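Descriptive structure summary
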Amino acid sequence: MTQAFRIAPSILSADFARLGEEVRAVEAAGADLIHFDVMDNHYVPNLTIGPLVCEALRPHVQIPIDVHLMVSPVDRIVGDFAKAGANLISFHPEASGHVDRTLQLIRDCGCRAGIVFNPATPLCHLDHVMDKLDLILLMSVNPGFGGQKFIAATLPKIRAVRARIDAHVAAGGQSIWLEVDGGVKVDNIAEVARAGADAFVAGSAVFGAADADGGYRGVFTRLRAALASV
Ligand code: DX5
Ligand code: ZN
């Protein structure tokens, strides 16, 4: 299968005092997307960044900004992120009482829409909304923090979602990206790709790359090499 793999560094693990520089550096190193983790200290027990930071970073990169909302409620903040230059916006179904409405709202704002599954969230939330999705994001850690260990039970879940997407496309449906978020590293990215993912969030793996190992360019070379073996 010929496949485009996308790597999305999560700026959660970047140096927040130098965010503009950090996003420029990962774009130059080969990032396909900027993964932008939004936490509200309510839906998840951590607090990060919002639309003002998205707007400030937008002119620093050409690549799409992939906003992962870990906030509840969801709808009120969607338009603000669209205005701030977000290209993709995804949210957790538990955090939105009205999944179909939120997906439509994201698309009406001109962004691509995604739904996010925590490790223990069942895939039944896909049942009636496949035609409204541009992205399915599977969490392979519990949301809230970078640097956690990949949960292996995500692998069969990736395979299940891949089967659903392939069946949807075979029936004439639109293409949908399958992104995996949490604990993705050089040593497991190939296994995640083989299970069916085509987009990979990598926070600590990218921003924690040692200068001695070639920094961000070095880790992208190793991630791409691992993906080339798939
Ligand atoms: C966790 C975030 C992830 C996280 C990934 O809630 O959604 O994007 O930052 O970080 P790593 O790659 O370090 O697990
Ligand atoms: Zn994320």
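Our subject is the structure that appears above.
I will try to describe carefully the structure that is included in this document.

1. Looking at the overall build of the protein
Counting its secondary structure elements, the protein contains eight helices and eight strands. When its C-alpha atoms are laid out on the principal axes, the protein stretches across 50 × 40 × 30 Å. Residues classed as buried in the protein amount to 55% of the 230 residues present. Contacts spanning at least 24 positions in sequence make up 65% of the contacts within the protein whose residues lie at least 6 apart.

2. Side note on the packing of aromatic side chains
One pass over the full model with this rule turns up three aromatic pairs. An angle of 75° between the planes, with centres 6.0 Å apart, marks the rings of Phe36 and Phe81 as edge-to-face. Here Phe36 is found in strand β2 (residues 34-39), whereas its partner Phe81 is found in helix α3 (residues 75-83), with 45 residues between them in sequence. The residues Phe36 and Phe81 share a single accessibility class, namely buried. For Arg112, the ring lying beneath its charged end belongs to Trp177, and the centroid distance is 4.7 Å.

3. Notes on the layout of surface pockets
The computed volume of the largest pocket comes to approximately 150 Å³. Considering the residues around the largest pocket, the lining is formed by 10 residues, among which Arg162, Ser175, Ile176, Trp177 and Asp198 are closest to the centre. Among the elements that take part in the lining of the largest pocket, helix α5 (residues 154-170) stands out by supplying four residues, more than any other. Of the residues contributing to the lining of the largest pocket, the split by class is four nonpolar, two polar and four charged.

4. Considering empty space enclosed by the protein
Across all of its chains, the model carries one cavity of 30 Å³ or more by this definition. If you add up the space inside the largest cavity, you get close to 200 Å³. Lining the largest cavity we find 26 residues, and of these Phe145, Gly146, Gly147, Asp181 and Gly182 sit closest to its centre. For the lining of the largest cavity, the per-class residue count stands at 11 nonpolar, 12 polar and three charged.

5. Regarding the pattern of salt bridges
For the structure shown, the criterion picks out 10 salt bridges. Residue Glu22 is joined to Arg18 by a salt bridge in which the shortest nitrogen-to-oxygen separation is 3.7 Å. The exposure class assigned to Arg18 is partly exposed, which follows from its relative accessible area of 34%. For Asp80, the salt bridge goes to Arg76, with nearest N and O atoms at 3.5 Å. Taken together, the residues span about one helical turn, with Asp80 and Arg76 both in helix α3 at a distance of four residues. Linked through salt bridges whose partners overlap, the residues forming this network are Asp15, Arg18, Glu21 and Glu22.

6. A closer look at helix α4 (residues 99-108)
Listed in full, the buried residues belonging to α4 are Val99, Thr102, Leu103 and Ile106. Here the buried residues of α4 occupy an arc of 100° about the axis, which is enough to place them on one side. Residues of α4 that are exposed and angled more than 90 degrees away from the buried face: Arg101 and Asp108. Tucked inside the fold, the buried residues of α4 contact α3, β4 (88-91) and β5 (112-117). Positive phi appears at Gly110, one or two residues downstream of α4, with a value of about 90°.

Conventions we followed
Residues numbered from 1 in each chain as written. Chains lettered and ligands numbered in written order. Predicted model: local features only at pLDDT ≥ 70, side-chain atom pairs only at ≥ 80, totals over all residues. Heavy atoms only, no water. Helix = DSSP H or I, 4+ residues; strand = E, 2+ residues; numbered from the N terminus. Buried < 20%, exposed > 50% of the residue type's maximum accessible area, 1.4 Å probe, protein only. Contact = heavy atoms within 4.5 Å. Phe/Tyr/Trp six-rings, centres within 6.5 Å; stacked < 30°, edge-to-face > 60°. Lys NZ or Arg CZ within 6 Å of the ring centre and 35° of its normal. 1 Å grid on protein atoms, 1.4 Å probe; cavity = no way out; pocket = protein on both sides within 12 Å on 5 of 7 lines; lining within 4 Å. Points joined across faces, edges and corners; volume = space filled by probe spheres on them. Nonpolar A, V, L, I, M, F, W, Y, C, P; charged D, E, K, R; others polar. Salt bridge = Lys/Arg side-chain N within 4 Å of Asp/Glu carboxyl O. Arc of directions from axis to C-beta.

Keep in mind these numbers describe shape, not what the thing actually does.
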